[in-house]
Amino acid sequence: MSGAPADPVARAFASDAVGATVHVRGWVQRSRSSGGILFLHLRDRTGTVQVTAKRDVLGAEAFDAAEHVQVEGVVEVEGAVADDPRAPGGRELRARSVKVVDAGLPFPIFQEQTEEFRLDKRHLVIRSDDHVATFRVRAELLRALRTFLDTEEVLEMSPPILTGNPAEGGAEAFTIDYFGRPGYLSQSAQLYLEAMLAPHERVYALTPSFRAEKSRTPRHLTEYQHLEVELAWTDLDGLMAFIERMVVAVTHAVAERRGPELRQLGRKPEELLALAAPFPRLAYAEAVDRLAREGFPLTWGGDLGTAEERALTLESAVPLFVTRYPRELKAFYMRRSPGDPRTVEAADLLAPEGYGEMVGASCRETDLALLQERLRAIGAPLEEYEWYFDLRRHGNVPHAGFGLGIERILRWMLRREHIRETIPFPRTPSRHTP
Ligand code: 4AD
Ligand code: MG
């Protein structure tokens, strides 16, 4: 029986299912037995259905075996679909047979356990309703991004993760011993995407990025999923327009296809469907003025931290582009603003409702001397970037790109307090297991 195709649990809820015999299999979410009747909630990937099994139908031996199945044990059930207003979803399955696939040991996860314990048992906790909903939305988001990029004729590339130079500056790179030479876990695929740009013009990568940031905040992970796009012949306005189109398209796609999951997590899909371009733009200098008026001790040149970013969009249902940051605050590869050498052609997209930066974007510096000057200023060893300089020597064209943190956008979409709730196995300074 185990190998044979089974019906999805959702089949029990079809309009013509009442009276039909179905054969389902899945995990027991909970069970209770009284007076020779066993109630099981059976979950598969399509839903959950109540199963009722009677001792006099199953026979004593099969009934006893079914009664001993633990939470998250696995059974196969054959039975008839019946209407029952008391059952979740108004249907139940009246079992003719229950076969135990794995009775399981007592499931160690309960409601009132500490967060630390739940993180230790993450491999089991991810079966919870909230996590199931979360990771379905996440899969939908990744799919929507790839679909959008495909329609925009952007090609997926496969950059390396083991690298010989840090893309975002050394301080927050995980260093490794690469057979006696220094190596780094990728912080960003950007430099490789810039190399792939010359023949392909429009490229992207969806890869893990690593940041050795000790900061324990609700929005930092040490390993996160990074979508990065690099576009030839694009300026800052063109880049922001692209990002806007992308964020609106994928947000709508997720809302259309994962409404029930969003609702379960406390986000109304209608709110996401209301998202529309254009998003407001605010120059860094104006952001500083606004924040200073609101009482932040901030002057030109100061970085926008969590609190500042939060204040800028707390009351807003749309994202906000903050543009033209001071160059000292930003990475070496960002292009100097044509009208103002103190700033760079960069934009961070801040999520609505105070959730903070979700995209970092910029035009790339095409002037080799300026690139080298910036690297010297931050004390980076220039020889590690020699291959990157070649890109400025051969077929150098204006180009721009950005990185989107998958967990950052999800944290906003799903209104999660902590970013770790958007990734199955979060990596933070204090944890890299399970
Ligand atoms: O702003 P960042 O550092 O930009 C880059 O790495 C560029 N090279 C990307 C590019 O242009 N190709 O990172 C981009 C995004 C951030 O906006 C944020 O969403 C996410 O990556 N991010 C993190 N997400 C989770 N945990 C962290 N520690 C993150 N650091 C950055
Ligand atoms: Mg950034």
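Up top is the structure.
Residues numbered from 1 in each chain as written. Chains lettered and ligands numbered in written order. Predicted model: local features only at pLDDT ≥ 70, side-chain atom pairs only at ≥ 80, totals over all residues. Heavy atoms only, no water.

What follows is about unusual backbone geometry. Cis geometry is adopted by the peptide bond preceding proline 278, which originates at alanine 277 and carries an omega value of 0°. Residue glutamate 201 is not a glycine yet carries a positive backbone phi of 70°. Positionally, glutamate 201 belongs in the loop between helix 6 (190-200) and strand 10 (202-210). Using a relative accessible area of 40% as the deciding quantity, one classes glutamate 201 as partly exposed. At glutamate 353, a position not held by glycine, the phi torsion is positive, near 60°. Within the element layout of this structure, glutamate 353 appears in the loop between strand 16 (346-351) and strand 17 (356-363). (Helix = DSSP H or I, 4+ residues; strand = E, 2+ residues; numbered from the N terminus. Buried < 20%, exposed > 50% of the residue type's maximum accessible area, 1.4 Å probe, protein only.)

Next up on the list: the site of ligand 1. The full set close to ligand 1 counts 23 residues, and Glu168, Gln190, Glu213, Glu228 and Glu357 are the nearest of them. At 2.9 Å, a side-chain N or O of serine 188 approaches a nitrogen atom of ligand 1. At a separation of 3.5 Å, an oxygen atom of ligand 1 approaches a polar backbone atom of valine 359. Going through the elements one at a time, strand 11 (223-232), strand 17 and strand 18 (399-405) are the ones with two or more residues in the shell around ligand 1. When the residues that make up the shell around ligand 1 are grouped by side-chain class, the tally is seven nonpolar, eight polar and eight charged. (Near = heavy atom within 4 Å. Polar contact = N/O pair within 3.5 Å; in protein donor to acceptor, adjacent residues only side chain to side chain. Nonpolar A, V, L, I, M, F, W, Y, C, P; charged D, E, K, R; others polar.)

Our next topic: the environment of methionine 358. Tracing the backbone shows methionine 358 in strand 17. Between the C-alpha atom of methionine 358 and that of leucine 404, which follows or precedes it by 46 residues, the distance is 5.8 Å. Aside from chain neighbours lying at most four places away, what touches methionine 358 is Val247, Pro319, Leu349, Ala351, Pro352, Gly403, Leu404, Gly405, Arg408, Ile409 and Trp412. (Contact = heavy atoms within 4.5 Å.)

Moving on to the nonpolar core. With 49 residues, the main nonpolar core has Leu227, Met246, Phe402 and Leu404 as its most contacted residues. Mapped by element, the contributors of at least two residues to this core are helix 5 (129-151), strand 10, strand 11, helix 7 (236-257), strand 16, strand 17, strand 18 and helix 14 (406-413). If one sorts the elements of this core by residue count, helix 7 sits on top with 12 residues. Methionine 246 has contacts with Leu145, Phe148, Leu227, Phe402 and Leu404, leaving out every residue within four places of it along the chain. Core analysis: the second largest hydrophobic core is formed by 22 residues, Val22, Ala66, Val77 and Val81 among them. (Core = buried A, V, L, I, M, F, W, Y, C linked by side-chain atoms within 4.5 Å.)

With antiparallel pairing, three strands are arranged side by side in an open sheet as 7-9-8. For this open sheet the edge positions go to strand 7 (162-163) and strand 8 (175-178), each flanked by a neighbour on one side alone. (Pairing = 2+ DSSP bridges.)

Right, let's get into the environment of arginine 32. With respect to the helices, strands and loops of the structure, arginine 32 is situated in strand 1 (residues 21-34). With 217 residues separating them in the primary sequence, arginine 32 and alanine 249 have C-alpha atoms 45 Å apart.

This paragraph deals with the packing of helix 6 against helix 13 (residues 386-393). At their nearest, the axes of helix 6 and helix 13 sit 10 Å apart, and the two run at 35° to each other. Judged by the sense of rotation from one axis to the other, the crossing of helix 6 with helix 13 is left-handed. Contact with helix 6, carried on its side by Gln190, Leu191, Tyr192, Glu194 and Ala195, involves Trp387, Tyr388, Leu391 and Arg392 of helix 13 and no other residues of that element. (Axes fitted to C-alpha atoms, helices over the stretch in contact; angles between N-to-C directions. Left-handed = near helix turned anticlockwise from the far one by under 90°.)

Attention now goes to the pairing of strand 18. Of all seven residues in strand 18, seven are buried; the element is thus mostly enclosed. Here strand 18 shows two buried faces, one formed by His399, Gly401, Gly403 and Gly405 and the other by Ala400, Phe402 and Leu404. Two strands pair when backbone bridges link them, and strand 11 and strand 18 are joined in this way by seven bridges, in the antiparallel orientation. Looking across to strand 18, one finds that histidine 226 is bridged to glycine 405. Across five bridges, strand 17 lies against strand 18 in antiparallel orientation.

Let's shift gears to the packing of aromatic side chains. Aromatic ring pairs are reported here in terms of the distance separating the ring centres and the angle at which the planes meet. All told, the structure shown has 11 aromatic pairs when counted by the stated rule. Both rings, one in tyrosine 284 and one in tyrosine 325, keep their centres 5.6 Å apart while their planes meet at 40°; by these two values the pair is tilted. Of this pair, tyrosine 284 sits in helix 10 (residues 284-293) while tyrosine 325 sits in the loop between strand 13 (320-323) and strand 14 (336-337), placing them 41 residues apart in sequence. Using a relative accessible area of 0% as the deciding quantity, one classes tyrosine 284 as buried. By way of ring pairs, the aromatic residues Tyr192, Phe332, Tyr333, Tyr385, Trp387 and Tyr388 are connected into one cluster. (Phe/Tyr/Trp six-rings, centres within 6.5 Å; stacked < 30°, edge-to-face > 60°.)

A barrel is described by the order of its strands in space; here five strands give the closed sequence 1-2-3-5-4, paired in mixed fashion. Neighbour-to-neighbour, the strand axes of this sheet turn through a mean angle of 50°, independent of strand direction. The pairing of strand 1 with strand 2 (residues 37-44) spans seven bridges and is classified as antiparallel. Within the sheet, the bridge partner assigned to valine 28 lies in strand 2 and is leucine 42. Along the sheet face, helix 2 (residues 60-67) touches strand 1, strand 2, strand 3 (47-54) and strand 5 (91-102) and points at about 55° away from the line of strand 2.

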